[in-house]
Amino acid sequence: MDLQTLQHQCSGCTRCPLHKGRTHVVFGQGAAHAEVLFVGEGPGQSEDEQGLPFVGRSGQLLDKYLFAIDLDRHTNCYIANIVKCRPPQNRDPLPEESEVCMYWLREQFRILRPKIVVCLGRVAAQRLIRQDFSVTKEHGIFFDKNGTLFMGTFHPAALLRQPQHKPNAFADFAALRDKIGEVCDHTY
Ligand code: URA
Ligand code: SF4
């Protein structure tokens, strides 16, 4: 099974009620052999319209942070979300919606086998690292889970609302660059 085949299956998913409000399933985007996986929360309005992750204002900011450490969503990393369909009014995904949709993210993991997973914001970090993860207190720290490194950092949308956290986020990306140099074979 490759990502394209999985994406095709996911594009018709009706496993949870979020399918009712969507325009497009936002499966993910990136390099087929990415060693670094970024995980956000779920599609917003622009993502739902275009069917691609992080293409609105927060996506432009994410692309800048990626560029700063020589990552590019088309060549050497992959971007996905906890839920693939846009929650109404951009509310947080409900626990049951996240759990049901994790089926797809687990399959994406199984295919990619990333070396490093970066959780963008609280929703992804609490789902993938620890239920009581605090982005403010624990951003930038790498946690080894069965041989895969997980790190949580600020959600780009949070950085747009609270620009005072940008230096911290930038330091997290610098730490990510160093970690990629240590553990990845073909990202740089
Ligand atoms: N916010 C997210 O968490 N994911 C996206 O894809 C876009 C905005
Ligand atoms: Fe399926 Fe996930 Fe969309 Fe729910 S959010 S319908 S589980 S793809």
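See above for the structure.
None of the values given here were measured: they were computed from a predicted structure.

Let's talk about the overall build of the protein chain
For step 1, the next point in the chain: The number of helices and strands found in the protein chain is 8 helices and 6 strands.
For step 2, the next point in the chain: Scanning the protein chain from its N terminus toward the C terminus, one meets helices and strands in the order α-β-β-α-α-β-α-β-α-α-β-β-α-α.
For step 3, the next point in the chain: Against the globule reference of 16 Å for 188 residues, the protein chain gives a C-alpha radius of gyration of 15 Å, in line with a compact fold.
For step 4, the next point in the chain: Taken over the C-alpha atoms alone, the protein chain extends approximately 40 × 35 × 30 Å along its principal axes.
For step 5, the next point in the chain: Counting across all 188 residues of the protein chain, residues that qualify as buried make up 52%.
For step 6, the next point in the chain: In the protein chain, of all internal contacts separated by at least 6 residues, the share reaching a separation of at least 24 is 70%.
For step 7, the next point in the chain: A distance of 4 Å separates the average location of the 22 positive side-chain charges in the protein chain from that of its 21 negative side-chain charges.

A closer look at the site of ligand 1
For step 1, the next point in the chain: Close contacts around ligand 1 come from Gly-40, Glu-41, Gly-42, Glu-47, Pro-53, Phe-54, Ser-58, Asn-81 and His-155, and that covers them all.
For step 2, the next point in the chain: Here Glu-41 contributes a backbone N or O atom positioned 2.8 Å from an oxygen atom of ligand 1.
For step 3, the next point in the chain: One nitrogen or oxygen atom from the side chain of His-155 is found 2.8 Å from an oxygen atom belonging to ligand 1.
For step 4, the next point in the chain: For ligand 1, whose unbound accessible area comes to 240 Å², protein coverage reaches 92%.
For step 5, the next point in the chain: Because more than half of its atoms lie within 2 Å of the grid, ligand 1 is assigned to the largest pocket.
For step 6, the next point in the chain: Class assignment for the residues of the shell around ligand 1 results in 2 nonpolar, 5 polar and 2 charged.

Details of the nonpolar core
For step 1, the next point in the chain: In terms of nonpolar packing, the biggest core is built from 56 residues, with Phe-38, Leu-128 and Leu-176 touching the most fellow members.
For step 2, the next point in the chain: At 6 residues, helix H4 (residues 95–112) tops the list of elements feeding residues into this core.
For step 3, the next point in the chain: Not counting residues up to four positions away in its chain, the partners in contact with Leu-128 are Val-39, Ile-82, Met-102, Leu-105, Val-117, Cys-119, Lys-145 and Phe-150.

Describing the pattern of salt bridges
For step 1, the next point in the chain: This structure, assessed with the given rule, holds 12 salt bridges.
For step 2, the next point in the chain: Residue Lys-115 pairs with Glu-35 through a salt bridge whose shortest N-O separation is 3.3 Å. Here Lys-115 is found in the loop between H4 and strand E4 (116–120), whereas its partner Glu-35 is found in the loop between strand E1 (29–30) and strand E2 (36–40), with 80 residues between them in sequence.
For step 3, the next point in the chain: Residues joined by salt bridges that share partners form a network here, namely Glu-35, Lys-115 and Asp-185.

Notes on the site of ligand 2
For step 1, the next point in the chain: Around ligand 2, the structure places Cys-13, Arg-15, Cys-16, Leu-18, His-19, Arg-22, Lys-84, Cys-85, Val-100, Cys-101 and Trp-104.
For step 2, the next point in the chain: Most atoms of ligand 2, that is more than half of them, are within 2 Å of grid points of the largest cavity.
For step 3, the next point in the chain: A breakdown of the residues in the shell around ligand 2 according to their chemical character gives 7 nonpolar, 1 polar and 3 charged.

Topic: unusual backbone geometry
For step 1, the next point in the chain: In this model, Asp-70 sits at a positive phi of 60°, which is unusual for a non-glycine residue.
For step 2, the next point in the chain: Along the polypeptide, Asp-70 turns up in the loop between helix H3 (57–68) and strand E3 (78–81).
For step 3, the next point in the chain: We note that Gln-89 has phi near 50°; this positive angle belongs to a residue other than glycine.
For step 4, the next point in the chain: Looking at the element boundaries, Gln-89 is found in the loop between E3 and H4.
For step 5, the next point in the chain: Among the residues examined, Gln-89 registers a relative accessible area of 74% and is labelled exposed.

Thoughts on the sheet that holds E3
For step 1, the next point in the chain: A sheet is described by the order of its strands in space; here 6 strands give the open sequence E1-E3-E2-E4-E6-E5, paired in mixed fashion. The sheet is open, and its two edges are formed by E1 and strand E5 (142–145), each paired on a single side.
For step 2, the next point in the chain: When E2 meets E3, the two strands line up parallel, connected through 4 bridges. Bridge pairing in E3 links Gly-40 to Asn-81.
For step 3, the next point in the chain: Docked against the sheet, H4 engages E2, E3, E4 and strand E6 (148–153), running at close to 160° with respect to E3.

Procedures and definitions
- Residues numbered from 1 in each chain as written.
- Chains lettered and ligands numbered in written order.
- Predicted model: local features only at pLDDT ≥ 70, side-chain atom pairs only at ≥ 80, totals over all residues.
- Heavy atoms only, no water.
- Helix = DSSP H or I, 4+ residues; strand = E, 2+ residues; numbered from the N terminus.
- Rg over C-alpha atoms; globule rule 2.2 N^0.38 Å.
- Buried < 20%, exposed > 50% of the residue type's maximum accessible area, 1.4 Å probe, protein only.
- Contact = heavy atoms within 4.5 Å.
- Lys, Arg positive; Asp, Glu negative; His and termini not counted.
- Charge placed at Lys NZ, Arg CZ, Asp CG, Glu CD.
- Near = heavy atom within 4 Å.
- Polar contact = N/O pair within 3.5 Å; in protein donor to acceptor, adjacent residues only side chain to side chain.
- Areas by Shrake-Rupley, 256 points an atom, 1.4 Å probe, with all protein chains shown as cover.
- 1 Å grid on protein atoms, 1.4 Å probe; cavity = no way out; pocket = protein on both sides within 12 Å on 5 of 7 lines; lining within 4 Å.
- Sits in = over half its atoms within 2 Å of the grid points.
- Nonpolar A, V, L, I, M, F, W, Y, C, P; charged D, E, K, R; others polar.
- Core = buried A, V, L, I, M, F, W, Y, C linked by side-chain atoms within 4.5 Å.
- Salt bridge = Lys/Arg side-chain N within 4 Å of Asp/Glu carboxyl O.
- Pairing = 2+ DSSP bridges.
- Axes fitted to C-alpha atoms, helices over the stretch in contact; angles between N-to-C directions.

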